Amino acid sequence: GGSGDEGESTSERDGGGKGESSLFRTIGERRVKHIPNLREDELRHPLDRQNTQLISLLPGIEGVVKAMMSPMSEEIALLENIGTSVLVSKDQLPDIYRLLCDAASLLQVEVPELYIRQDPVPNAYTLAIKGRKPFIVMHTSLVDTLSPAEVQCVLAHELGHLKCNHGIWLTTANLLALGAISLLPMISSSIQEQFLRWLRSAELTCDRAALVVAQDHKVVISTLMKLAGGSPTLSSRLNVDAFIKQAKSYDEATSSPLGWYLRNAQVSQLTHPLPVMRAREIEEWSRSKEYKSIIKRGRKYGTPPETTTQPNSSQASMEAL
């Protein structure tokens, strides 16, 4: 994958960072390219495209989702997050805020709100609630486990959901996960399976958004590796190349008909693909013509684009949710 070493970040944005990183310790050390007029369809994984089409064709699915997404459940989720978390800003955890703004600039999306929440389970999620700006929630255990570059990968991944207009489906999934809403009896197991299949494919798209921001596939894979087996004490000792090998061995182990069946059974009820599968996907995309052509048209970060970028259409639809 291209590392974009020719490009540089603006030197004045050099807020404090945390720990060591293979790319930077502070925003001022960023050496990446800005991609003019980055389109969401350039990031969208083929499975995301296919499953988005399939889920939208399910009879009555939008009515079911809207029935689950009552104003009360949205309000509960909103108050729960705002009331129990810390809002990140230029005055509160400014180093993390700079990582968010930097990623949003590279992906050409509006900067959402970001909340840091005390939680021992490493996780981050995005909620787009009707009538307000979308917001990201990141758990403290995730921040403690990752380097600044990897924290930015997670933020870029979440911004990818907004860039690619994952909207109402994503918010429904996250409210389900948070327990703010429950599946209605009218949702059959086949619809639920299709919904989860879409969710997993959407995650692959957002890993691509993370790569476009990091411009180093090993940083994205390192993030995935730490989600699989990282901790504040282990993270600095983990080996990315060994994890890439592990991902390839998983492919080989599941290449037989039985292995294929067991792999599908293993993931069928998951909201995210397995970290080893995500690592393999991002490693392959980093070597693809599509990714290389995106990076090739990039310019030094901080130089003005040739054309004025229109506001991302996904933001308008987010506001309309």
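Just so it is clear, the model here is predicted, and its values are computed rather than measured.

Draft legend 1. View of the nonpolar core. Within the largest apolar cluster, 57 residues are counted, with the highest numbers of intra-cluster contacts made by Leu43, Leu107, Leu114, Met138, Leu155, Leu159 and Trp285. A total of eight residues in this core trace back to one element, the largest contributor, which is helix H7 (residues 148–163). Setting aside anything within four residues of it in sequence, one finds Met138 in contact with Leu114, Tyr115, Ile116, Arg117, Asn123, Ala124, Val143, Val151, Val154 and Leu155. Core analysis: the next-biggest nonpolar cluster, separate from the first, contains eight residues, Ala77, Leu127, Ile129 and Phe135 among them.

Draft legend 2. Representation of the sheet that holds strand E2 (residues 85–87). The four strands lie next to each other as E2-E3-E5-E4, forming an open sheet whose pairing is mixed. The strands lining the two open edges of the sheet, one partner per strand, are E2 and strand E4 (124–127). Ignoring strand direction, the axes of neighbouring strands in this sheet form an average angle of 25°. Pairing of strand E3 (residues 113–117) with strand E5 (residues 135–139), which is carried by five bridges, proceeds in the parallel orientation.

Draft legend 3. Summary view of the pattern of salt bridges. Summed over all chains, the structure comprises 13 salt bridges. The salt bridge partner of Glu40 is Arg44, with a shortest N-O separation of 2.7 Å. The partly exposed category is assigned to Glu40, whose relative accessible area is 29%. By relative accessible area, Arg44 is classed as buried at 12%. Linking Arg287 and Glu283 is a salt bridge whose minimum nitrogen-to-oxygen distance equals 3.0 Å. Using a relative accessible area of 47% as the deciding quantity, one classes Arg287 as partly exposed. In this structure, a network of salt bridges that share partners links the residues Arg39, Asp41, Glu42 and Arg297.

Draft legend 4. Region of interest: the environment of Glu283. By secondary structure assignment, the location of Glu283 is in helix H13 (residues 275–286). Linking Glu283 and His217, residues 66 residues apart in sequence, is a C-alpha distance of 6.2 Å.

Draft legend 5. Inspection of the pairing of E3 at higher detail. Of all the five residues making up E3, four are buried; the element is thus mostly covered by neighbouring parts of the structure. One ladder, built from three bridges, connects E2 with E3; its direction is antiparallel. Note that in E3 the partner of Val86 across the bridge is Ile116.

Draft legend 6. Summary view of the confidence of the model for the protein. Across the protein, the average pLDDT comes to 78, with 71% of residues at 70 or higher. Scored below 50 in pLDDT, residues 1–23 makes 75 contacts in the model with residues more than four places away or belonging to other chains. Here residues 303–321 is a poorly scored stretch, pLDDT under 50, and it has 32 contacts once near neighbours within four places are set aside; other chains count.

Draft legend 7. Quick peek at helix H12 (residues 257–267). Of all the positions in H12, only Gly259, Arg263 and Val267 are classed as buried. An end-on view of H12 places all buried positions within 60° of arc, on one side of the element. Those residues of H12 that are exposed and aimed more than 90 degrees away from the buried face are Pro257, Leu258 and Tyr261.

Draft legend 8. Up close: unusual backbone geometry. With a phi close to 50°, Asn37 is a non-glycine residue in the positive phi region. Tracing the chain through its elements places Asn37 in the loop between strand E1 (33–34) and helix H1 (40–43). Here the phi dihedral of Leu93 falls at roughly 50°; this positive angle occurs in a residue that is not glycine.

Parameters at a glance
- Residues numbered from 1 in each chain as written.
- Predicted model: local features only at pLDDT ≥ 70, side-chain atom pairs only at ≥ 80, totals over all residues.
- Heavy atoms only, no water.
- Core = buried A, V, L, I, M, F, W, Y, C linked by side-chain atoms within 4.5 Å.
- Buried < 20%, exposed > 50% of the residue type's maximum accessible area, 1.4 Å probe, protein only.
- Helix = DSSP H or I, 4+ residues; strand = E, 2+ residues; numbered from the N terminus.
- Contact = heavy atoms within 4.5 Å.
- Pairing = 2+ DSSP bridges.
- Axes fitted to C-alpha atoms, helices over the stretch in contact; angles between N-to-C directions.
- Salt bridge = Lys/Arg side-chain N within 4 Å of Asp/Glu carboxyl O.
- pLDDT = per-residue confidence, 0-100.
- Arc of directions from axis to C-beta.

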